[in-house]
Amino acid sequence: MTEKHPKVIAVIPAYNEQPFIGEIVSQARKYVDQVIVIDDGSNDSTGDAASAAGANVIRHSSRRGAGAATKTGFEAALKNGADIVVTLDGDGQHNPDEIPRVIAPVANRQSDLVIGSRFLLSLSLQGAKPRSNPPPYNVIARRPPPVIARQSRSNLSKTIPRYRKFGIDVITFLYNFGSKAKVSDAQSCFRAHSRKLLEALNLTEDGFGFSVQVLIQARNKGFPITEIPISCVYHSHASSSNPVVHGLGVAWDVIKLRLTPVEWLKQILAPPLYTNALYLMANTIAMAFLNFVFWVVVARLYSTADVGFASAVISAAMVLIMLSSLGFDSSLIRFLPQSEKPHQLSNTTFTIGGLVGFLSATIFLAGISLWSPALNYLKENLALSLIFVLLVVLWTISSLAGCVFIAHRRAKFTFLQNNIHALLKIPLVILLSFFFYSFGIIGALTIAIAVTLALVVFLFLPRVQAGYRPVPALSIPLVRDTWKYSGGNYLVSLVFSAFSWFLPLLVVNVLGAEANAYFYISLMIASLLFFIPGAVSSSLFAEGSYSQEKLTENIVRSLKFTSLLLVPSIAAFLLFGKWLLLVFGESYSIHALKLLQLLTLSALPLGVNLIYSTVLRVTGRLRELITVWGFIVITILATSYFLMPTTGITGIGYAWLGAHSAVTLYALSSILNLRYNYKKDEGFSISWRQRNKA
């Protein structure tokens, strides 16, 4: 039983092409089932010549453009049952004898769109590999495919006028910019299209921009695109349009197509580095807003004493959660992408984190009268004690699970996880307020985190790690292999956390409670800027852990992206900082403005330092990481202590900006050295290993 041959129809748009159209139709008919010529309002006998040569002619009453003519041809070909539609120009520049080569990948079901490139042939003559190597034309064996005559580079340059080649190069560049699927000839109209592709297209361009619109829509819809080399011949008659006007018009059409909001966002967000960073930023913003709403609701429904007690309990829980993570948050991001046993590694960290969380919460309750007598009620109430322990355990596991999403570059699940929890606790705290006191606040958090964690382990994680199941595990070898790394990052986290706890105590003791209020509010507002480089560095950490080969490229991207977001944000904070502080009261605007301005200016050097810290984490240079942040913490604390008696809280701003700026100079020099070594050596990891051994 012989295989059914697909029906091939040639579509040829033509305007005033009487000298060439007859011969083109006659040649094309040798390789296709039908030729459709669209006479686009010609002033000569183009339609009559095409009809005499055996083409089915469709006439436009007036000139509507190459795109409109081709769309008319597509519609007619599909209506006539075409399985493959091949397009070529009517001016004689395309050789119909090459039709079998152009349609072969579509006929053999290896592609849905084939572009006959005028430039691949010249590349292949110089020893470069063509972009595709289509199989022989073995499905539609009407005639054997002709051999394309080889052209020299010099002959080709004579064939395609330089001004036309320049215009084609510009248009192709505009199409390729930001695209992973690049082509060498975006303007070639010698193409083969599958029926499936044409039925999926929604073409709106009537001019020559339609050729790029076909490429954009085919790429966005996931259709395979192939290029093969073709020959071409340009005649003096080849175009009736002014080449400059024509080129500018097509370029503008391409820009419009590429700069639609959706297309622009797709290109901006194409690298996972940016996508995950923006998800993490969105997560921070949404969490800040929902937490604000939560505490407003709590303040309305519960007494001041209940709010104070619950906030103290939550603060204690957060400290225990940080202690219970044991640095696994960093090691998961660093090692999970390359792990041969990702499920076992994930479950082992969850198990150990949960066990340590249980022990730390139990020890905290046992000695609560020693280190926090004000929370004795937590120990005296058994139900509240159990809820507290459960909260610490579940929240520790949940925070580690969020790191799994970041490790796999799927930060959108981190966004979903945190915001589901933040949304759930609002109605829960309202509901529990009718039955409980401060227990209602803690209970709402615990129930929300339990529901969220169930969604994470049973629904989200299996989508990120195929085949994942939440099973307790304790693989000591896996943990032992990562402990040195986890321990180093754990130490850095403890140092920085101790710094954030100790600095307010230093302000209170040196300047008093009122000055500490001004300091705390300034730092809280400035932190809205600090989360931008924090999110970018977290995304860079995931990208670097996934593949070090592109680390230098991603470092540069991170620095550019951070600067792009921070510079206008810093300008806005400097301009409107006074009014932001006025929200809290006039005295804040008077006493805290200078500090806020200094902290705002420190956002850029802080961003560089966070990115450099990520480089140190990825490359395992933990000793240097500890040294860098140890220097920052000690410098800020010591300088602040000596400056505050004379400059007030503004001294903290000077110390903060100075410490981060000093480290930034060192970080930038190291990053530049890294890029130099990468270009000099074979790769990034080799260069850094050599430095470590030295």
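Our subject is the structure that appears above.
Basis of the calculations
- Residues numbered from 1 in each chain as written.
- Predicted model: local features only at pLDDT ≥ 70, side-chain atom pairs only at ≥ 80, totals over all residues.
- Heavy atoms only, no water.
- Helix = DSSP H or I, 4+ residues; strand = E, 2+ residues; numbered from the N terminus.
- Buried < 20%, exposed > 50% of the residue type's maximum accessible area, 1.4 Å probe, protein only.
- Contact = heavy atoms within 4.5 Å.
- Areas by Shrake-Rupley, 256 points an atom, 1.4 Å probe, with all protein chains shown as cover.
- Pairing = 2+ DSSP bridges.
- Patch = residues over 30% accessible without salt bridge, like charges linked within 9 Å, V, L, I, M, F, W, Y side chains within 5 Å.
- Salt bridge = Lys/Arg side-chain N within 4 Å of Asp/Glu carboxyl O.
- Axes fitted to C-alpha atoms, helices over the stretch in contact; angles between N-to-C directions.
- Phe/Tyr/Trp six-rings, centres within 6.5 Å; stacked < 30°, edge-to-face > 60°.
- Lys NZ or Arg CZ within 6 Å of the ring centre and 35° of its normal.
- Core = buried A, V, L, I, M, F, W, Y, C linked by side-chain atoms within 4.5 Å.
- Parallel < 35°, antiparallel > 145°, perpendicular 65-115°, else oblique.
- Left-handed = near helix turned anticlockwise from the far one by under 90°.
- Nonpolar A, V, L, I, M, F, W, Y, C, P; charged D, E, K, R; others polar.

Observations concerning the overall build of the protein chain
No. 1: Within the protein chain, the regular secondary structure consists of 29 helices and 7 strands.
No. 2: Buried residues in the protein chain amount to 53% of all 694 residues.
No. 3: Summarising the internal contacts of the protein chain: among those between residues at least 6 apart in sequence, 79% fall at separations of at least 24.
No. 4: If you sum the accessible surface of the protein chain, you get close to 32200 Å²; carbon and sulfur atoms cover 63% of it.

Considerations on the pairing of strand 7 (residues 225-229)
No. 1: Among the 5 residues of strand 7, 4 are classified as buried, and the element is accordingly described as predominantly covered.
No. 2: The pairing of strand 5 (residues 113-117) with strand 7 spans 5 bridges and is classified as parallel. What sits directly across from Val-114, in strand 7, is Thr-226.

Focus: the environment of Ile-652
No. 1: Looking at the element boundaries, Ile-652 is found in helix 28 (residues 650-680).
No. 2: A relative accessible area of 0% places Ile-652 in the buried class.
No. 3: Along the primary structure Ile-652 and Thr-639 are separated by 13 residues, whereas in three dimensions their C-alpha atoms are 7.6 Å apart.
No. 4: Ile-652 has contacts with Leu-503, Val-507, Phe-519, Leu-595, Ser-640 and Met-644, leaving out every residue within four places of it along the chain.

What about unusual backbone geometry?
No. 1: One non-glycine residue, Asn-16, adopts positive backbone phi at about 55°.
No. 2: The topology assignment puts Asn-16 in the loop between strand 1 (8-14) and helix 1 (18-28).
No. 3: Even without glycine at this site, Arg-109 takes up a positive phi of about 60°.
No. 4: Along the chain, Arg-109 falls in the loop between helix 4 (99-107) and strand 5.

Focus on a nonpolar patch on the surface
No. 1: Nonpolar side chains collect at one region of the surface, where Leu-301, Ile-430, Leu-431, Phe-434 and Phe-435 lie side by side and expose about 540 Å² of accessible area between them.
No. 2: Tracing the sequence through the fold places Phe-434 in the loop between helix 19 (411-432) and helix 20 (438-464).

So, the pattern of salt bridges
Where side chains of opposite charge bring their charged atoms close, a pairing between them can arise.
No. 1: Tallying each qualifying case throughout the model produces 3 salt bridges.
No. 2: A salt bridge links Arg-195 to Glu-199, with the nearest nitrogen and oxygen atoms 3.0 Å apart. Within this pair, Arg-195 and its partner Glu-199 are both found in helix 8 (residues 195-200), separated by 4 residues, close to a single helical turn.
No. 3: For Glu-624, the salt bridge goes to Arg-621, with nearest N and O atoms at 2.4 Å. Taken individually, Glu-624 and Arg-621 each receive the classification buried, so the pair is uniform in this respect.

A short note on the sheet that holds strand 1
No. 1: Judged by pairing direction, the sheet is mixed, and its 7 strands sit side by side in the order 3-2-1-4-6-5-7 without closing on themselves. The strands lining the two open edges of the sheet, one partner per strand, are strand 3 (56-60) and strand 7. Taking each pair of neighbouring strands and ignoring which way they run, the sheet shows an average axis angle of 20°.

Some details on the packing of aromatic side chains
No. 1: Enumeration according to the criterion identifies 6 aromatic pairs in this entry.
No. 2: Consider the rings of Phe-364 and Phe-388, whose centres lie 5.6 Å apart with planes at 35°: the pair is tilted. Taken together, the residues span a long stretch of sequence, with Phe-364 in helix 15 (residues 342-366) and Phe-388 in helix 18 (residues 382-407) at a distance of 24 residues.
No. 3: On the basis of an interplanar angle of 80° and a centroid distance of 5.6 Å, the ring pair of Tyr-641 and Phe-642 is categorised as edge-to-face.
No. 4: The exposure class assigned to Tyr-641 is partly exposed, which follows from its relative accessible area of 47%.
No. 5: By relative accessible area, Phe-642 is classed as exposed at 64%.
No. 6: Members of the aromatic cluster, joined through ring pairs, are Phe-405, Phe-413 and Phe-460.
No. 7: In this structure, Arg-63 is placed above the aromatic ring of Tyr-15, and the distance from its NZ or CZ to the ring centre is 3.8 Å.
No. 8: Here the basic side chain of Lys-425 rests over the ring of Phe-294, its NZ or CZ set 4.8 Å away from the ring centre.

Describing the nonpolar core
No. 1: Counting 129 residues, the largest nonpolar core has Leu-378 and Phe-388 as the members making the most contacts within it.
No. 2: No other element matches helix 18, which puts 17 residues into this core.
No. 3: The contacts of Leu-378, once residues within four sequence positions are left out, are Phe-309, Val-313, Phe-364, Leu-365, Ile-368, Leu-384, Ser-385 and Phe-388.
No. 4: Counting residues in each nonpolar core, the second largest holds 30 residues, with Ala-28, Val-35, Ile-84 and Val-102 among its members.

Looking at the packing of helix 23 (residues 551-582) against helix 25 (residues 593-601)
How two helices sit against one another is set out by the angle between their axes and by the gap between those axes.
No. 1: Taken N-terminus to C-terminus, the directions of helix 23 and helix 25 make an angle of 155°; their axes are 10 Å apart at the nearest point. The angle between helix 23 and helix 25 places the two elements in the roughly antiparallel class. As for the relative orientation of helix 23 and helix 25, their crossing is right-handed in sense. Contacts from Ile-570, Phe-573, Leu-574, Gly-577, Lys-578 and Leu-581 of helix 23 reach helix 25 at Leu-593, Leu-596, Gln-597, Thr-600 and Leu-601.
No. 2: Taken together, the residues of the contact of helix 23 with helix 25 sort by class into 7 nonpolar, 3 polar and 1 charged.

These figures come from the coordinates and say nothing about function on their own.
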